[in-house]
Amino acid sequence: MGIEILIAGIIILLSLFSMRISKKFEIPLLIMFLLVGMLAGSEGIGKIYFDNAVITQNLGTIALMFIIFTGGLDTNKEDVKKALYPSGILATLGVLLTAALSGVAVYYLTNFTLKEALLFSAMVSSTDAAAVMSILGDMKLKKDVKTVIEIESGSNDPMAYALILFLLSFFKVGESTPILMGVFFLFKQLILGAIVGYIFGVIAIPLANYIKIVREEFLTIHLIAILFICFGLATILEGNGFLAVYFTGIMIGNKKFNYKLNSLRNMRLITWFMQIGMFVMLGLLVFPSQLLGYIFIGSLLAVIMIIVVRIVVVYSLLWPFKFNCKEKFFISWAGLKGAVPIIFTTMAATEGLSNAQEIFNLTFYIVVFSVLLQGMSLKYVGKRLNLFEDEKEDDRVIELEELEELALKKMILDKNSEYINKKIKELELPKGMLIVSIKRAENYITPKGDVTLLMGDTLLFSQN
């Protein structure tokens with residue numbers, strides 16, 4: 001067991017080291033993590049043989065749960081409202097059109113059956129917001145464009161997953177599968193997923209308050225428990241678990257609650273760890289020598305799917321909205337593929353499809369092609385199209401919840417507190433300790449010396 005743990009630690013450290021190379025040469029992190037996995041694999045210097053699609057799918061599903069949930073936590077509700085229609089259409093109808101148009105090309109250019117071609121196209125139909133935003137970094141992309149890209153990419157994975165399950169049902173029972181039943185299944189997935197996600201989004205924080213969670217570590221554990229229960233229940237009810245956790249994440253992330261800032265940071269930390277592990281595992285799963293035979297067909301399909309079809313879909317669906325041609329082109333170009341399509345393709349192997357290995361290899365090649373071509377040119381394209389805004393001073397007001405987590409101590413005055421009915425100037429506070437904020441009900445009181453403290457007040461202390 002010791003050697004396995006040692007190897008795992010070395011791989012994680014190499015993944016972190018690859019960030020330095022990524023930044024220096026502006027190579028997307030996704031490629032670096034995949035490369036670490038490939039180097040550690042059976043055809044690399046590590047000689048680790050790994051070809052278990054079931055383990056990859058299961059661990060990948062858990063990783064995707066965290067990635068999608070944390071994406072929801074970081075999504076501003078007001079941004080969702082503004083970009084709901086354009087991003088929602090791209091995330092739903094856009095996925096369907098992408099899969100359909102790409103499926104035709106795949107059918108005529110490969111030896112796949114029509115069902116396999118459509119399934120393969122559905123697996124490669126979603127885009128990756130994390131890849132886009134990690135590439136852009138701190139560059140201030142125009143708000144409307146950035147919001148559409150983020151919301152679309154964050155919400156189109158559940159739609160692609162529902163479409164994949166719908167198409168896989170045809171392989172299970174053959175040609176007798178009624179189309180209407182499949183369509184009903186697709187809508188049931190989305191509707192039940194949204195309902196379960198909404199319910200858990202409503203009860204998550206009140207439940208934490210009822211349990212009386214008083215440490216940020218326990219609140220993070222609570223959020224993880226909600227994540228697992230929400231996904232599991234939605235899946236058992238035959239709803240879309242990914243959509244459920246995305247909805248829950250959005251609702252929780254837009255509420256005010258104790259330890260919010262650090263809890264969200266903790267979730268991001270876990271999510272990054274999951275992403276590193278997932279990318280490295282996918283790198284282990286691939287056999288680089290097998291990809292050589294897909295250079296021509298993979299490149300051709302990549303150009304058709306990620307450039308031609310993507311541009312057609314985006315321009316067609318965004319024509320009713322107030323986006324100019326430059327903005328539409330950038331939204332098209334920002335449709336990067338990520339680890340999600342590769343995880344989805346493991347379902348072909350677990351379902352026993354005859355062309356499962358070819359589907360996996362082609363998807364892997366297209367993802368790498370997409371990240372290298374679009375990812376490495378994304379900043380350049382954005383600059384050429386003048387879509388980056390000038391840096392401005394941020395006069396953002398810091399919320400009490402954020403101040404709380406920067407302070408040393410928070411105290412809620414109960415009936416036993418020695419501070420009740422005393423003026424601040426009468427308190428014997430330790431040297432260097434100051435009261436920086438007082439919250440009374442929904443109001444904030446400036447902590448002046450003659451302010452009398454009452455039961456129920458929330459005090460925020462700072463230590464100099």
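Residues numbered from 1 in each chain as written. Predicted model: local features only at pLDDT ≥ 70, side-chain atom pairs only at ≥ 80, totals over all residues. Heavy atoms only, no water.

### Description of the overall build of the protein chain
- Counting secondary structure elements, the protein chain contains 17 helices and four strands.
- The C-alpha radius of gyration of the protein chain comes to 25 Å, within 12% of the 23 Å expected for a compact globule of 464 residues.
- The 464 residues of the protein chain split such that 51% are buried.
- Counted over contacts in the protein chain with a minimum sequence separation of 6, partners at least 24 positions apart contribute 79%. (Helix = DSSP H or I, 4+ residues; strand = E, 2+ residues; numbered from the N terminus. Rg over C-alpha atoms; globule rule 2.2 N^0.38 Å. Buried < 20%, exposed > 50% of the residue type's maximum accessible area, 1.4 Å probe, protein only. Contact = heavy atoms within 4.5 Å.)

### Points about empty space enclosed by the protein
- Counting across every chain of the model gives one cavity of 30 Å³ or more.
- Put simply, the largest cavity is a space of about 70 Å³.
- If you go around the largest cavity, the residues you meet are Leu90, Gly94, Val95, Thr98, Ser125, Thr127, Glu152, Asn156, Met305, Arg310, Val313 and Lys337.
- No other element matches helix H4 (residues 77-109), which puts four residues into the lining of the largest cavity.
- For the lining of the largest cavity, the class distribution of residues is four nonpolar, five polar and three charged. (1 Å grid on protein atoms, 1.4 Å probe; cavity = no way out; pocket = protein on both sides within 12 Å on 5 of 7 lines; lining within 4 Å. Points joined across faces, edges and corners; volume = space filled by probe spheres on them. Nonpolar A, V, L, I, M, F, W, Y, C, P; charged D, E, K, R; others polar.)

### A closer look at the pairing of strand S2 (residues 433-440)
- Sheet analysis places S2 next to strand S3 (residues 443-445), joined by three bridges and oriented antiparallel. Note that in S3 the partner of isoleucine 438 across the bridge is isoleucine 445.
- Between S2 and S3, which pair antiparallel in sequence order, lie two residues; one of them, alanine 441, sits at a positive phi of approximately 60°. (Pairing = 2+ DSSP bridges.)

### Here's the deal with the pattern of salt bridges
- Within the structure shown, the criterion is met by seven salt bridges.
- Here arginine 215 ties to glutamate 217 by a salt bridge, and the two come within 3.3 Å at their closest N and O atoms.
- Accessibility expressed as a relative area gives 44% for arginine 215, which makes it partly exposed.
- Take glutamate 217: its relative accessible area is 38%, and that puts it in the partly exposed class.
- The shortest N-O distance in the salt bridge between aspartate 457 and arginine 440 comes to 2.7 Å. Here the residue aspartate 457 occupies a position in the loop between S3 and strand S4 (458-463), and arginine 440 occupies one in strand S2, the gap between them amounting to 17 residues.
- Take aspartate 457: its relative accessible area is 1%, and that puts it in the buried class. (Salt bridge = Lys/Arg side-chain N within 4 Å of Asp/Glu carboxyl O.)

### What about the side chain of serine 263?
- Turning to its location among the elements, serine 263 is positioned in helix H11 (residues 260-285).
- Classification of serine 263 as buried rests on a relative accessible area of 0%.
- Among the polar contacts listed, one links the side chain of serine 263 to the backbone oxygen of tyrosine 259, at a separation of 2.7 Å. (Polar contact = N/O pair within 3.5 Å; in protein donor to acceptor, adjacent residues only side chain to side chain.)

### Details of helix H2 (residues 29-40)
- Over its twelve residues, H2 runs 17 Å from end to end, which matches the ideal 16 Å to within 8%, given 1.5 Å per residue.
- Burial within H2 is extensive, with nine of its twelve residues counted as buried.
- Among all positions in H2, only Leu29, Leu30, Ile31, Met32, Phe33, Leu34, Val36, Gly37 and Ala40 are buried. (Expected span 1.5 Å × (residues − 1).)

### Side note on the packing of aromatic side chains
- Scanning all chains against the criterion turns up eleven aromatic pairs.
- Between tyrosine 161 and phenylalanine 242, the aromatic rings sit 4.9 Å apart at their centres with planes inclined by 85°, giving edge-to-face as the arrangement. A residue pair is termed long-range when its members are at least 10 positions apart, and tyrosine 161 in helix H7 (residues 143-173) and phenylalanine 242 in helix H10 (residues 241-253) qualify at 81 residues.
- A ring pair is formed by phenylalanine 329 and tryptophan 333, whose centres lie 6.0 Å apart and whose planes are at 15°; its orientation type is stacked. Here phenylalanine 329 pairs with tryptophan 333, and both are found in helix H14 (residues 325-333), just four residues apart, close to one helical turn.
- By relative accessible area, which is 12% here, tryptophan 333 ends up buried.
- Aromatic ring contacts, followed pair by pair, group Tyr161, Phe231, Phe242 and Phe344 into a single cluster.
- The positively charged end of arginine 215 is found above the aromatic ring belonging to phenylalanine 218, 6.0 Å away from the centroid. (Phe/Tyr/Trp six-rings, centres within 6.5 Å; stacked < 30°, edge-to-face > 60°. Lys NZ or Arg CZ within 6 Å of the ring centre and 35° of its normal.)

Take it as geometry only, folks, not as evidence of what the structure does.
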